[in-house]
Amino acid sequence: MPTPFAGDEDQDGEPAGATPGRPGQRLPERHIPPPRLARAVTVTVLVGYGAVTLLNVLRGHPRPGETLACLASVAAVFTVQFVHSAPASRHWPPRRKAFTLGLQALLTYLPFLWFGINWGSMAGPLAGSILLMLPGLLGWLLYTLVCVSMLTYSLTLGLSVLDVCYFTIASVLTGLVIFGLSRLTDLVQEVHAARSELAHLAVANERLRFARDLHDLLGYSLSAITLKSELTHRLVLVRPAQAREEITSILEISRQALSDVRVVASGYREMSLEAEVASAESMLAAAGIEAEVSVGGGRLHPVVGTVLATALREGVTNILRHSKVQHCWITVAYEDGDADPADTPDVAGTVRLTLVNDGVPERLSSREELNDGSGLGNLSTRLTEIGGRLAAGPVDGGRFRLVATAPQTPLRRPDAAHPGKETSPHNEQHHGQQPGDRSGAESGHLDGQGESQRC
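Remember, it's a predicted structure, so these values are computed and weren't measured experimentally.

### Quick notes on the overall build of the chain
- Counting its regular elements, the chain contains 13 helices and 7 strands.
- The buried share of the chain, taken over its 455 residues, is 44%.
- Within the chain, counting contacts between residues at least 6 apart in sequence, those at least 24 apart form 74% of the total.
- Per element, the accessible surface of the chain, about 22,900 Å² overall, is 60% carbon and sulfur.

Given below as structure tokens:
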């Protein structure tokens with residue numbers, strides 16, 4: 001068999017038919033035989049062993065009736081052997097295994113009464129079946145017993161030392177060959193099944209990434225267009241000049257939305273937390289929400305910055321959906337060492353994004369907040385993948401607090417932020433875009449229709 005298949009990787013650094021994250025070299029598909037070929041090799045070997053036994057019996061010039069009996073016995077033994085070599089037989093209940101092994105033992109030893117030592121090569125298939133059907137030590141003990149029985153039988157017949165060695169060694173090797181070929185055939189089938197399963201998982205993960213990124217990017221931009229369109233509608237008669245400026249801004253956001261779709265399709269985007277804070281502050285101001293912003297100084301890994309920027313965007317989206325919000329507090333704090341070991345254990349430096357707003361109904365529960373919709377669930381997944389965590393829920397005073405804590409350097413690389421993925425050339429424009437260009441708000445947030453911060 002070729003080198004292990006478990007370490008293969010595709011061009012993006014992801015495993016191709018392997019356990020994710022395990023190193024190794026790429027194993028071309030052509031090096032793995034198809035299951036049908038592997039099965040055909042096993043069947044050919046078994047038929048060959050049956051033919052050898054038949055030739056050994058014919059060498060003694062049997063009568064026609066004995067020849068027919070030999071053919072029937074060989075066919076019966078190898079029919080049972082074919083069944084034992086099939087992968088499904090490994091999952092049989094113990095009683096069924098015991099019955100078929102007993103039947104093969106009877107078909108193996110009974111013909112010795114008529115064909116004598118010429119039937120000796122049939123002990124090997126029985127030994128192989130025992131190894132295939134019985135677990136561990138029991139299988140090897142009975143395998144040894146079968147081989148010893150051939151040694152004893154040969155000695156009882158008074159055969160020469162060479163003949164004794166021949167029949168004993170033939171039984172040992174035949175059993176091992178049948179066992180090895182059958183198990184290798186099983187492994188080939190398992191490898192192909194695993195590769196197919198990994199392909200399905202890759203498709204499912206890509207669909208999840210696409211849906212998550214559409215929620216985080218495109219929904220934000222479309223909500224910003226809604227907000228500015230409503231503002232333009234109010235200004236078009238009383239302040240035409242400002243209305244024209246807002247229309248220009250809407251066109252820019254629309255172009256950015258198109259760019260965001262291309263970024264989602266390319267697989268990876270990098271976002272700036274600082275730029276996202278500035279955008280959120282301006283967007284909140286445009287919605288008439290007083291925002292207090294405090295951003296500490298520090299350097300973030302690009303992956304961590306992207307995840308926290310996404311968390312901030314989702315939080316602002318929820319605020320804009322809540323018509324009663326009047327004040328918002330945004331804080332980004334860098335900490336040397338883990339202030340709360342329950343948040344990010346064993347991390348030398350952390351960054352904590354805190355987003356608090358008022359205007360939350362008292363009846364809103366934290367469980368509802370976390371479980372309703374996909375936004376906060378996506379954020380929790382993203383933060384967990386880099387070694388961080390998300391806490392969100394209502395607090396005293398009719399306020400809602402979202403806290404995203406992450407290590408300044410990711411402990412694990414999420415698939416959606418893999419550095420090997422393509423980075424869109426529009427990222428710089430994305431980061432430097434004017435505040436308000438992307439909002440997760442949904443239509444109706446200025447009309448008093450939103451009643452909660454659910455995502």
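### As for the environment of Val-45
- Residue placement: Val-45 occurs in helix 1 (residues 35-58).
- Val-45 sits in the partly exposed class, given a relative accessible area of 24%.
- For the pair Val-45 and Thr-174, spaced 129 residues apart in sequence, the C-alpha to C-alpha distance is 10.0 Å.
- In contact with Val-45, not counting residues within four places along its chain, are Val-177 and Leu-181.

### What about helix 6 (residues 136-156)?
- Counted at 1.5 Å a residue, the expected span for helix 6 with its 21 residues is 30 Å, and the 31 Å between its end C-alpha atoms agrees.
- For helix 6, the complete set of buried residues consists of Gly-139, Tyr-143, Val-146, Cys-147, Met-150 and Ser-154. Within helix 6, the buried residues cover an arc of 85° as seen down the axis, which keeps them to one side. Opposite the packed face of helix 6, turned more than 90 degrees from it, sit the exposed residues Leu-137, Leu-141, Leu-145, Leu-155 and Thr-156.
- Looking one or two places after helix 6, you find Gly-158, whose phi comes out positive at around 75°.

### Here we look at the nonpolar core
- Among the nonpolar cores identified, the biggest contains 40 residues, and Leu-284, Ile-289, Leu-308, Leu-312, Ile-330, Leu-353 and Leu-383 are the most heavily contacted of them.
- Beyond its immediate stretch of four places on either side in the chain, Leu-353 contacts Leu-308, Ala-311, Leu-312, Ile-330, Thr-331, Val-332, Leu-402, Val-403 and Ala-404.
- Formed by 27 residues, the second largest nonpolar core is a distinct cluster that contains Trp-119, Ala-127, Leu-132 and Phe-167.

### Observations regarding the pairing of strand 3 (residues 327-336)
- Here 6 bridges tie strand 2 (residues 290-295) to strand 3, and the two strands are oriented parallel to one another. Counterpart to Ala-291 in the pairing with strand 3 is Cys-328.
- With 9 bridges connecting them, strand 3 and strand 4 (residues 349-357) associate as antiparallel partners. Following the sheet pairing, Trp-329 is matched in strand 4 by Val-356.

### Comments concerning the confidence of the model for the chain
- Within the chain, residue pLDDT values average 76, and 74% of them lie at 70 or more.
- The model gives residues 338-347 a pLDDT under 50, and that stretch makes 21 contacts with residues more than four places away or in other chains.
- For the stretch residues 365-373, pLDDT sits under 50, and the model shows 16 contacts to residues farther than four places along the chain or on other chains.

### Points about the packing of aromatic side chains
- Applying the stated criterion to the full structure yields 6 aromatic pairs.
- Within the aromatic cluster, the residues linked to one another by ring pairs are Tyr-109, Phe-112 and Tyr-153.
- Positioned over the ring face of Trp-92 is Arg-96, at 4.2 Å from the centre of the ring.

### Quick look at the pattern of salt bridges
- All chains considered together, the criterion is met by 6 salt bridges.
- One salt bridge in this structure joins Arg-63 and Glu-66, with 3.3 Å as the shortest N-O distance.
- Residue Arg-63 is classed as exposed on the basis of its relative accessible area, which comes to 59%.
- A salt bridge links Lys-228 to Glu-246, with the nearest nitrogen and oxygen atoms 3.4 Å apart. Here Lys-228, found in helix 7 (residues 161-235), pairs with Glu-246, found in helix 8 (residues 240-266); they are 18 residues apart in sequence, far enough to count as distant. Both residues of the pair, Lys-228 and Glu-246, belong to the buried class.
- Here the residues in one salt-bridge network are Arg-90, Arg-183 and Asp-186, joined through shared partners.

### Focus: the sheet that holds strand 5 (residues 389-395)
- Sheet architecture is open: 5 strands sit in the order 2-3-4-6-5, paired in mixed fashion. The open sheet has two edge strands with one neighbour each: strand 2 and strand 5. With strand direction ignored, the average angle separating the axes of adjacent strands in the sheet is 10°.
- Strand direction decides the pairing type here: strand 4 and strand 6 (residues 399-407), joined by 8 bridges, are antiparallel. When the sheet's bridge partners are listed, Val-356 is paired in strand 6 with Arg-401.

### As for the side chain of Asp-358
- Looking at the secondary structure, you find Asp-358 in the loop between strand 4 and helix 11 (366-371).
- Buried within the structure, Asp-358 lacks any salt-bridge partner; Arg-399 is the closest side chain of opposite charge, at an N-O distance of 6.1 Å.
- A distance of 2.9 Å separates a polar side-chain atom of Asp-358 from the backbone nitrogen of Gln-326.
- Engagement of the side chain of Asp-358 in a polar contact is seen with the backbone nitrogen of His-327, the distance being 3.1 Å.

Rules used throughout
Residues numbered from 1 in each chain as written. Predicted model: local features only at pLDDT ≥ 70, side-chain atom pairs only at ≥ 80, totals over all residues. Heavy atoms only, no water. Helix = DSSP H or I, 4+ residues; strand = E, 2+ residues; numbered from the N terminus. Buried < 20%, exposed > 50% of the residue type's maximum accessible area, 1.4 Å probe, protein only. Contact = heavy atoms within 4.5 Å. Areas by Shrake-Rupley, 256 points an atom, 1.4 Å probe, with all protein chains shown as cover. Expected span 1.5 Å × (residues − 1). Arc of directions from axis to C-beta. Core = buried A, V, L, I, M, F, W, Y, C linked by side-chain atoms within 4.5 Å. Pairing = 2+ DSSP bridges. pLDDT = per-residue confidence, 0-100. Phe/Tyr/Trp six-rings, centres within 6.5 Å; stacked < 30°, edge-to-face > 60°. Lys NZ or Arg CZ within 6 Å of the ring centre and 35° of its normal. Salt bridge = Lys/Arg side-chain N within 4 Å of Asp/Glu carboxyl O. Axes fitted to C-alpha atoms, helices over the stretch in contact; angles between N-to-C directions. Lys, Arg positive; Asp, Glu negative; His and termini not counted. Polar contact = N/O pair within 3.5 Å; in protein donor to acceptor, adjacent residues only side chain to side chain.

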